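What follows is each chain in one-letter form.
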Amino acid sequence: MMSRTYSTQDLLRILAQERQACMNGQRLNLAAIPSGVNPLIDRFVNADGIQRFTAYNDFRQTIHRYQQEHQISGLVWEEIQINGKSLRYPKVDDQLVSLASDLRVLRSHKTTIVKFWRDLTPTMDLYLGLNSGKLHRSISKPDLDRILARAEWASLTQQGKAETLELILQLGWGKPEEALYRRGFPDSGSEYVHAVQPGNLPIG
């Protein structure tokens, strides 16, 4: 009898169950200890919390190895609906990793995602997220074109609606899971362009 190969959705379900078990204290990595870098900081770090987080992280890395070994995609499909327009597009789930085939799919959808975003934002003010989103700088269309030329893939996020609508276009290169928090910089990374109603400032 052949052993079953788990799908992307199976892996996400398994990870969600394991995360819940870790949060409930049912899984602990007893070898995990506070950083040891700064005794002052370590006094405020909950050792139990570190053990739970480490247990889940170890499990997730096992899932990532399984993904790569069995070539299980890390892609999920999102749908966004704004002002009567909708778009279904791929993104790498933040609990999984991308395969080379996933990156090809992401690259093939970049133009469609960017066009959808542009169609919805022609009169909106544009800001570039800086310092992990803590700061924002106003940018022009030529600035945006330079960022677009560098980007290999794109993703979308919506915040607010009507007067507070903010459409965030993530423009990245390399692996999405390594672009997060600039973990894989400079080989992987991304820029966030925030489109907001005229006169507003980004909230996210």
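Residues numbered from 1 in each chain as written. Predicted model: local features only at pLDDT ≥ 70, side-chain atom pairs only at ≥ 80, totals over all residues. Heavy atoms only, no water.

Just checking my understanding: could you explain the sheet that holds strand 6 (residues 166–173) for this structure?
Strand pairing within a sheet occurs via backbone hydrogen bonds; the two strands may be parallel or antiparallel. In spatial order, the strands read 4-3-7-6-5; together these 5 strands make up an open sheet with antiparallel pairing. Unpaired on one side and paired on the other, strand 4 (135–138) and strand 5 (153–159) mark the two borders of the sheet. Ignoring which end each strand starts from, the neighbouring axes of this sheet average 30° apart. By the bridge criterion, 4 bridges tie strand 3 (residues 125–130) to strand 4 in an arrangement that is antiparallel. Residue L130 lies in a different strand from strand 4, and its bridge partner there is L135. Its contacts with the sheet put helix 4 (residues 100–120) on strand 3, strand 5, strand 6 and strand 7 (189–196), and the angle it makes with strand 5 is roughly 40°. (Pairing = 2+ DSSP bridges. Helix = DSSP H or I, 4+ residues; strand = E, 2+ residues; numbered from the N terminus. Axes fitted to C-alpha atoms, helices over the stretch in contact; angles between N-to-C directions. Contact = heavy atoms within 4.5 Å.)

Help me understand the confidence of the model for the chain in this model?
Detail in the predicted coordinates should be disregarded across regions flagged by low pLDDT. Taken over all residues, the pLDDT of the chain has a mean of 87, while the share at 70 or more is 85%. Element-level mean pLDDT values for the chain span from 52 in helix 2 (residues 39–44) up to 97 in helix 4. (pLDDT = per-residue confidence, 0-100.)

Would you mind showing me how to read unusual backbone geometry here?
With the exception of glycine, the majority of residues adopt a negative phi angle, and the majority of peptide bonds are in the trans configuration. Cis rather than trans, the peptide bond between F185 and P186 has omega equal to 10°. Positive phi values are uncommon outside glycine, yet N83 reaches one of about 50°. Among the secondary structure elements, N83 is positioned in the loop between strand 1 (75–82) and strand 2 (85–92). Of note, A162 is a non-glycine position whose phi angle comes to about 50°, a positive value. For A162, the position within the fold is in the loop between strand 5 and strand 6.

When you look at the side chain of H194 in this model, what are you seeing that I'm missing?
The topology assignment puts H194 in strand 7. A distance of 2.7 Å separates polar atoms of two side chains, one belonging to H194 and the other to E166. (Polar contact = N/O pair within 3.5 Å; in protein donor to acceptor, adjacent residues only side chain to side chain.)

Got a minute to help me understand the nonpolar core in this structure?
A general tendency of soluble globular proteins is for nonpolar side chains to be buried together. Judged by nonpolar contacts, the single largest core of 25 residues is most densely connected at W117, L144, L156, L169, L171 and V193. Sorting the residues of this core by element identifies strand 1, strand 2, helix 4, strand 3, helix 5 (141–150), strand 5, strand 6 and strand 7 as the ones contributing at least two each. Ranked by the residues each element gives to this core, the list is headed by helix 4, at 5 residues. (Core = buried A, V, L, I, M, F, W, Y, C linked by side-chain atoms within 4.5 Å. Buried < 20%, exposed > 50% of the residue type's maximum accessible area, 1.4 Å probe, protein only.)

What should I look at first to understand the pairing of strand 7 in this one?
Within a regular strand, side chains alternate between the sheet's two faces. Of all 8 residues in strand 7, 7 are buried, a share of seventy percent or more. Sheet analysis places strand 6 next to strand 7, joined by 8 bridges and oriented antiparallel. Bridge pairing links E166 to V196 in strand 7.

It is not clear to me how the pattern of salt bridges should be interpreted in this structure. Could you clarify?
Opposite charge on two side chains makes pairing possible when the charged atoms of those side chains draw close. Inspection of the entire model under this criterion finds 6 salt bridges. Here D10 ties to R13 by a salt bridge, and the two come within 2.6 Å at their closest N and O atoms. With D10 and R13 both in helix 1 (residues 8–23) and 3 residues apart, this pair spans about one turn of that helix. For R13, a relative accessible area of 47% corresponds to the partly exposed category. (Salt bridge = Lys/Arg side-chain N within 4 Å of Asp/Glu carboxyl O.)

So what exactly am I meant to see when it comes to helix 4 here?
It helps to recall that an α-helix has 3.6 residues per turn; residues three or four apart then point in one direction. The first and last C-alpha atoms of helix 4 sit 31 Å apart over 21 residues, in line with the 30 Å expected at 1.5 Å per residue. Considering bend angle alone, the principal kink of helix 4 is centred on H109 and spans about 40°. Those residues of helix 4 lying buried are D102, L103, L106, K110, I113, V114, F116, W117 and L120. (Expected span 1.5 Å × (residues − 1). Bend = angle between axes of the 7 residues up to and from the residue.)

Even after reading the chapter, I still don't get the packing of aromatic side chains, so can you show me in this structure?
Any two aromatic rings considered together are summarised by their centre-to-centre distance and by the angle between their planes. In total, this model carries 2 aromatic pairs according to the counting rule given. With a centroid separation of 6.3 Å and an interplanar angle of 65°, the aromatic rings of W173 and F185 are classed as edge-to-face. On the criterion of sequence distance, the pair formed by W173 in strand 6 and F185 in the loop between helix 6 (176–179) and strand 7 is long-range, its members being 12 residues apart. On the basis of relative accessibility, which here comes to 16%, the residue W173 falls in the buried class. (Phe/Tyr/Trp six-rings, centres within 6.5 Å; stacked < 30°, edge-to-face > 60°.)

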